[in-house]
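# Close look at the chain arrangement
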Amino acid sequence: MPRLQITTNSPGETEQLGAAVGSLLRPGSFLALRGDLGGGKTCFTRGVVDSLAPQSNGLVSSPTYAIMNCYPGNIPAYHFDFYRLTGDDDIAELGFEEYFYSDGVCIVEWSERLAELLPSDVLTLLFEYAGDDRRLITITGSGPKSDAVLESLAEKRQQ
Ligand code: ADP
Ligand code: MG
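Now for a description of the structure that goes with this document. (Residues numbered from 1 in each chain as written. Chains lettered and ligands numbered in written order. Predicted model: local features only at pLDDT ≥ 70, side-chain atom pairs only at ≥ 80, totals over all residues. Heavy atoms only, no water.)

Every other side chain in a regular strand lies on the same face of the sheet, so the side chains alternate between the two faces. Counting buried positions along strand S4 (residues 77-81) gives five out of five residues, so the element sits mostly inside the fold. Of the two faces of S4, the one lined by Ala77, His79 and Asp81 and the one lined by Tyr78 and Phe80 are each fully buried. Pairing between strand S3 (residues 68-71) and S4: four bridges, direction antiparallel. The residue bridging Tyr71 from the neighbouring strand is Ala77, located in S4. Relative to strand S5 (residues 105-109), S4 runs parallel, the two sharing five bridges. Following the sheet pairing, Tyr78 is matched in S5 by Cys106. (Buried < 20%, exposed > 50% of the residue type's maximum accessible area, 1.4 Å probe, protein only. Helix = DSSP H or I, 4+ residues; strand = E, 2+ residues; numbered from the N terminus. Pairing = 2+ DSSP bridges.)

Shown next as structure tokens:
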């Protein structure tokens, strides 16, 4: 499985990585963000939204209480946080599945809460604490769409 590992040394670097990933996304892209609280998932999302919907960027916060925030842009960005949900039953009941197969981009924090409902072709980003201001971010693809994003990101970083 193709994989890319990146260490960031500040919240700003993580946000920049989000912007780089965001610029490579297409309608229907799905970002599955995993890892601990404070890992940088919301920070990364800010960068993604900055690329996709620059007019909404200042507004990105953790949707822990709202569960989903929508940022209209050239491609709409749907930002989910499933921290408080227990699994597929909750998520199916709330009807979020329709967003997963829409023309927008889904960015899902705590995607590990999804089981069968997780689409098959997703770009997964695992955020791990590696020191006060350091985070290790491991990115993997799981199908043609997400593999293409991963490949373009790797090329972009080599330039
Ligand atoms: P999560 O959404 O994964 O719970 P957040 O993005 O909300 O995490 O918070 C990450 C926290 O870690 C913020 O307080 C941020 O300032 C801090 N931080 C320190 N270093 C980094 C880094 N390299 N990348 C991202 N966040 C960092
Ligand atoms: Mg968060």
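So, next bit.
What follows concerns the site of ligand 1. Residues in close proximity to ligand 1 total 17 residues, the closest being Thr14, Gly38, Lys41, Thr42 and Cys43. A distance of 3.1 Å separates a nitrogen atom of ligand 1 from a polar atom in the side chain of Thr8. Asp133 is positioned with one of its backbone polar atoms (N or O) 3.0 Å from a nitrogen atom of ligand 1. When ligand 1 sits alone it has 570 Å² of accessible area, and the protein chains cover 75% of it. Only helix H1 (11-22) and helix H2 (41-52) provide two or more residues apiece to the shell around ligand 1. Per element, the largest residue contribution to the shell around ligand 1 is three residues, and it comes from H2. (Near = heavy atom within 4 Å. Polar contact = N/O pair within 3.5 Å; in protein donor to acceptor, adjacent residues only side chain to side chain. Areas by Shrake-Rupley, 256 points an atom, 1.4 Å probe, with all protein chains shown as cover.)

Moving on, we come to the sheet that holds strand S6 (residues 123-129). Spatial ordering of the open sheet is given by S1-S7-S6-S2-S5-S4-S3, a layout of seven strands whose pairing is mixed. In this open sheet, the two edge strands, each paired with only one partner strand, are strand S1 (3-8) and S3. Within this sheet the neighbouring strands show an average axis-to-axis angle of 15°, counted without direction. In the sheet, S6 pairs with strand S7 (residues 135-140) via six bridges, with the strands oriented antiparallel. When the sheet's bridge partners are listed, Glu128 is paired in S7 with Leu136. Across the face of the sheet, H1 comes into contact with S1, strand S2 (30-35), S6 and S7 while running at roughly 145° to S1. (Axes fitted to C-alpha atoms, helices over the stretch in contact; angles between N-to-C directions. Contact = heavy atoms within 4.5 Å.)

Everything listed is a geometric property; what it means functionally is a separate question.
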